[in-house]
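Here are the chains, one letter per residue:
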Amino acid sequence: MAGSKATFDDGADRFEKPVFSAVIRPHRSLSPQGFRIVMALVCLTSIVASLPFVIMGFWPVAGFFGLDFLGLYIAFRISYRQAQAFELLELTPIRLLFRKVSERGDMREWQFNPLWTRLDREVDEEYGLQKLALASRNERVVIARDLSPEERETFAEAFSRALSDVKRGY
């Protein structure tokens, strides 16, 4: 058969197509615009509060207000830098990929066979779902640390459903 070519990619693509995919990032309630507003208000408050001390001759007090401002600024910058970390969870019919990327860009990756993997839950009666972990054979990896207990529960339900579908051959 000249000119014809048999391909088997269609079946292989089905096994590589994600059934479930999630990127989990730490939550930050203050937007960059909110950060600028808060810092401007803190700076203005520090100046107004330190002015009477400077006028009375206690000028070192102004420096302590400046140190407070600087400390707050550094704390926010560290928090925003930590927000660059994320976790990626991708489930296909033939593999489960979990990738954890730190705020510095350091990456760790785990791959599991979905048929041998289970989702372990650690639930506290008072505080809800505290910990989720992927467990397969002798390996256990904690996932979704940055989610609240309610978000973790929603995530666990959706992921468990997808994992069950894959195990049943969806």
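Residues numbered from 1 in each chain as written. Predicted model: local features only at pLDDT ≥ 70, side-chain atom pairs only at ≥ 80, totals over all residues. Heavy atoms only, no water.

A. Structural context of helix 2 (residues 32-55). End to end, helix 2 covers 35 Å across 24 residues, agreeing with the expected 34 Å (1.5 Å per residue, within 8%). Maximum bend of helix 2: about 25°, positioned at Ala49, with proline Pro52 one to four residues after it. Within helix 2 the residues assigned to the buried category are Gly34, Phe35, Met39, Ser46 and Ser50. Taken from the residues just after helix 2, Gly57 is the one with a positive phi, measuring 100°. (Helix = DSSP H or I, 4+ residues; strand = E, 2+ residues; numbered from the N terminus. Expected span 1.5 Å × (residues − 1). Bend = angle between axes of the 7 residues up to and from the residue. Buried < 20%, exposed > 50% of the residue type's maximum accessible area, 1.4 Å probe, protein only.)

B. Highlighting the nonpolar core. Ranked by internal contacts, the top residues of the largest apolar core, which has 23 residues, are Leu89, Leu134, Ile143, Phe155 and Phe159. Mapped onto this core, the elements with two or more residues apiece are strand 1 (20-24), strand 2 (86-91), strand 3 (96-101), strand 4 (107-112), strand 6 (128-136), strand 7 (139-143) and helix 4 (149-168). With six residues, the single largest contributor to this core is helix 4. Ignoring sequence-local partners within four residues, the contact set of Ile143 consists of Glu87, Leu89, Phe98, Leu119, Leu132, Ala133, Leu134 and Phe155. (Core = buried A, V, L, I, M, F, W, Y, C linked by side-chain atoms within 4.5 Å. Contact = heavy atoms within 4.5 Å.)

C. Structural detail: the sheet that holds strand 4. The antiparallel open sheet is built from four strands, whose spatial order is 1-2-3-4. Looking along the sheet, the strands with just one partner apiece sit at the ends: strand 1 and strand 4. This sheet shows a mean twist of 10° between the axes of neighbouring strands, independent of strand direction. Relative to strand 4, strand 3 runs antiparallel, the two being bridged by six bridges. Pairing of Leu97 across the sheet is with Gln111, part of strand 4. (Pairing = 2+ DSSP bridges. Axes fitted to C-alpha atoms, helices over the stretch in contact; angles between N-to-C directions.)

D. Focus on the pattern of salt bridges. Inspection of the entire model under this criterion finds eight salt bridges. Residue Glu109 is joined to Arg99 by a salt bridge in which the shortest nitrogen-to-oxygen separation is 2.7 Å. Of this pair, Glu109 sits in strand 4 while Arg99 sits in strand 3, and the two are ten residues apart along the sequence. The class of Arg99 is partly exposed, set by a relative accessible area of 24%. Between Asp106 and Arg104 there is a salt bridge, with its nearest N and O atoms 3.6 Å apart. You can call Arg104 exposed: its relative accessible area is 59%. The network of salt bridges with common partners includes Arg118, Asp120 and Arg140. (Salt bridge = Lys/Arg side-chain N within 4 Å of Asp/Glu carboxyl O.)

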